[in-house]
Amino acid sequence: MMEVTWIYHERQQAQLCGQHALNNLLQIQSFAPQELAEIALQLDQMELNFMSQSNSNGVRSKDYLNRLAEGSGNVDESGNFSIEVLRSALQTKYNLTLANTLQEAVKGVEITNFDGFICNKSSHWFAIRKINGRFWNLNSLAERPEQISHFRLAAEIGALRASGYSVFCVVEIGGLPKDCCISEENQNDLKVRGMVDCWWKEEDLIKGTGIKGYSSPWNNVGTGMRLDGKKTTNPPNSSSMVQPESASQFNVEGLTEDEMIAMAMALSTEKQSLASDGEDALILNLTPEPASGPGVVRIQFRIIPDGKKIERRFLNNDLVSSLEAFVRQQSNSTGKLVMKAGFPPREISHLYEKTISDAKLSGEQIQCRFSLT
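Residues numbered from 1 in each chain as written. Predicted model: local features only at pLDDT ≥ 70, side-chain atom pairs only at ≥ 80, totals over all residues. Heavy atoms only, no water.

### Details of the overall build of the protein
Looking only at helices and strands, the protein features 10 helices and 16 strands. Looking at the protein as a whole, 50% of its 373 residues are labelled buried. When contacts within the protein are restricted to residue pairs at least 6 apart in sequence, long-range pairs at least 24 apart make up 64% of them. Of the roughly 18,000 Å² of accessible surface on the protein, 49% is carried by carbon and sulfur atoms. (Helix = DSSP H or I, 4+ residues; strand = E, 2+ residues; numbered from the N terminus. Buried < 20%, exposed > 50% of the residue type's maximum accessible area, 1.4 Å probe, protein only. Contact = heavy atoms within 4.5 Å. Areas by Shrake-Rupley, 256 points an atom, 1.4 Å probe, with all protein chains shown as cover.)

### Some details on helix α10 (residues 321-330)
Where burial is concerned, most of α10 is hidden: eight out of the 10 residues are buried. When we look at burial in α10, the residues that qualify are Ser 321, Ser 322, Leu 323, Glu 324, Ala 325, Phe 326, Val 327 and Arg 328. Buried positions along α10 lie against β12 (296-304), β13 (308-315), β14 (336-341) and β16 (365-371).

### A word on the side chain of Asn 100
In this structure, Asn 100 sits in strand β2 (residues 96-100). On the basis of relative accessible area, Asn 100 is assigned to the buried category, the value being 19%. Of the polar contacts made by the side chain of Asn 100, one reaches the backbone nitrogen of Leu 102; its length is 2.9 Å. Setting aside chain neighbours within four positions, we find Asn 100 in contact with Arg 87, Val 106, Val 167 and Phe 168. (Polar contact = N/O pair within 3.5 Å; in protein donor to acceptor, adjacent residues only side chain to side chain.)

### Things to note about helix α6 (residues 150-162)
At 3.6 residues per turn, the α-helix brings residues three or four places apart onto the same side. If you check α6, its first and last C-alpha atoms are 19 Å apart, about what 13 residues at 1.5 Å a residue would give, namely 18 Å. Residues Leu 153, Ile 157 and Leu 160 constitute the buried set of α6. Within α6, the buried residues cover an arc of 65 degrees as seen down the axis, which keeps them to one side. Opposite its buried face, α6 presents the exposed residues Phe 151 and Ala 162, each directed more than 90 degrees away. Packed against the buried residues of α6 are β3 (116-121), β4 (124-131), β5 (134-137), β6 (146-148) and β7 (166-172). Phi turns positive, to about 105 degrees, at Gly 164, one or two residues after α6. (Expected span 1.5 Å × (residues − 1). Arc of directions from axis to C-beta.)

### Observations concerning the pairing of β3
By the criterion of burial, β3 is predominantly enclosed, with five of the six residues buried. Of the strand pairs in this sheet, β3 and β4 are connected by six bridges, and their pairing is antiparallel. Its bridge partner being in β4, Ile 118 is matched across the sheet by Ala 127. Counting the residues in the hairpin turn of β3 and β4 gives two residues, including Ser 122, whose phi is positive at 55 degrees. (Pairing = 2+ DSSP bridges.)

### Some details on the sheet that holds β6
What the six strands build is an open sheet, ordered β2-β7-β3-β4-β5-β6; its pairing is antiparallel. If you trace the sheet from one side to the other, it starts and ends with β2 and β6, each paired once. For this sheet, the mean inter-axis angle between neighbouring strands, taken without regard to orientation, is 30 degrees. Sheet topology note: the β4/β5 ladder contains four bridges and is antiparallel. Opposite Ile 131, over in β5, you have Arg 134 as the bridge partner. Contacting β2, β3, β4 and β7, helix α4 (residues 83-94) crosses the sheet at an angle of about 145 degrees to β2. (Axes fitted to C-alpha atoms, helices over the stretch in contact; angles between N-to-C directions.)

### Focus on the sheet that holds β12
Judged by pairing direction, the sheet is mixed, and its five strands sit side by side in the order β13-β12-β16-β14-β15 without closing on themselves. Only two strands of the sheet have a single neighbouring strand rather than two, namely β13 and β15 (346-347). Pairing of β12 with β16, which is carried by five bridges, proceeds in the parallel orientation. Bridge pairing in β16 places Gln 300 opposite Gln 365.

### Thoughts on the packing of aromatic side chains
The full count for this structure, using the stated rule, is seven aromatic pairs. Ring plane angle 75 degrees and centroid distance 6.2 Å describe the contact between Phe 114 and Phe 117, whose orientation is recorded as edge-to-face. Seen from their ring centres, Phe 126 and Tyr 165 are 5.6 Å apart, and the 75 degrees between their planes marks the pair as edge-to-face. Of this pair, Phe 126 sits in strand β4 while Tyr 165 sits in the loop between α6 and β7; the two residues are 39 residues apart in sequence, bridging distant segments of the chain. Each member of the pair, Phe 126 as well as Tyr 165, carries the same accessibility label: buried. Stacked on the ring of Phe 31, the Lys or Arg Lys 93 has its end atom at 4.7 Å from the ring centre. Between Arg 312 and the ring centre of Phe 314, over which it is positioned, the NZ or CZ distance is 4.6 Å. (Phe/Tyr/Trp six-rings, centres within 6.5 Å; stacked < 30°, edge-to-face > 60°. Lys NZ or Arg CZ within 6 Å of the ring centre and 35° of its normal.)

Right under this line is the structure:
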C-alpha cells in the first residue's frame, strides 16, 4: 500500500488561535485549551512570587497589588495566550525552543533551514511548517493550508515582519514530530493524531483540488455556533469544523477576521455581576465533606495569590455557593472573591443558587482570585 502525506490544519474557534498554531505546527492535536490555561496560571503565579520576593513589602507592595489587580498576563478571557505560554508548552512537552528571527543567534541562518515558524500580530497566532520538503502556511483563519515555495519563504517572512508580525522560528533541540504518512486504506488512523475533519491530502492541495472538490468522507459533518450565537452550517465540499463540546467554544466559519476580533473583544469585556461581595453578602452553609460514592463529585480549586491547589468532594446537589464557602475557609485572603470555571474561564457567580450538578461543575477546576475592590 502506497503511503500518502497528510497535512493537519485546525480552523479557528473563538480566540484559540494560539492552541491551533501549536497543533498545526506539531501536525498533531497535542494541546487542549485547558492544558494551556494551566500553563498560563503557573506562569502568572511564578511572576507574582518573583515580585513578592523582589520587593521589601512583599505581597503588600504597590507593584504586586497592581499586577494582581490586572489579572492574568498570560491568557485573557477570550482564550488568547501569550508567547511565554506557547514557549513553555513546546519546551516542556517537546523540548523545542522558539526564537525571534531577529535575534542575533539565528539572524544569519538561512531561513529555509528552519522547519517551523510561529507568527504573531496583536491577538492572532499562526504556524508555518515544512512538511514533506514543502513549506505550508497553516493559518487557522484560512480555508485550507497554503503552499509557500522555498524561493518565496524569505519574502513571505519579510512581508509578515513589515506588516507588524513577530516571527519566531523553531529551534529543534528535540525535533518536531514526524510528518503524517498513512495509506488511504488506513486513513481512519488519522483520528489518533487529530480531529478527522482537519486532515488534507498533500497531493490534492498541490493540484488545487483540495479547495472545493476535496473528497473527504468527513465533509459536511455537523454544524457549529458563530461567535454571535447564530447557527452556521458548513459550505458544500469545504472542510468542516468539529462541533464544539461546550457553549464556551464557537465555530467562526464564514466570519471575517475583523468580525471575529470584534466579537471576541465583546466577549472578553462582557461583565457579569457578582452574587457575593465578601462573606457577609451570602449565607454560606458548608456541609461536611462526604465520602466517595454515588452522588458525590470532586472539584479542584486553584487559589490566587495564596498559590494553593486543593481538591474536595461535594454532593452533586450542594449549591454552587458552597464552593465559595470552602474557598474562604481554606484561604487567609479577604475581600471580594471571583471564581471562574471552564475555558475560556468565566465567572460562576450567577450560578450560586444552582446545584453543582445543574451548573455542570463536576470535575471542573475552579480558578479563585481575591479582589481588593
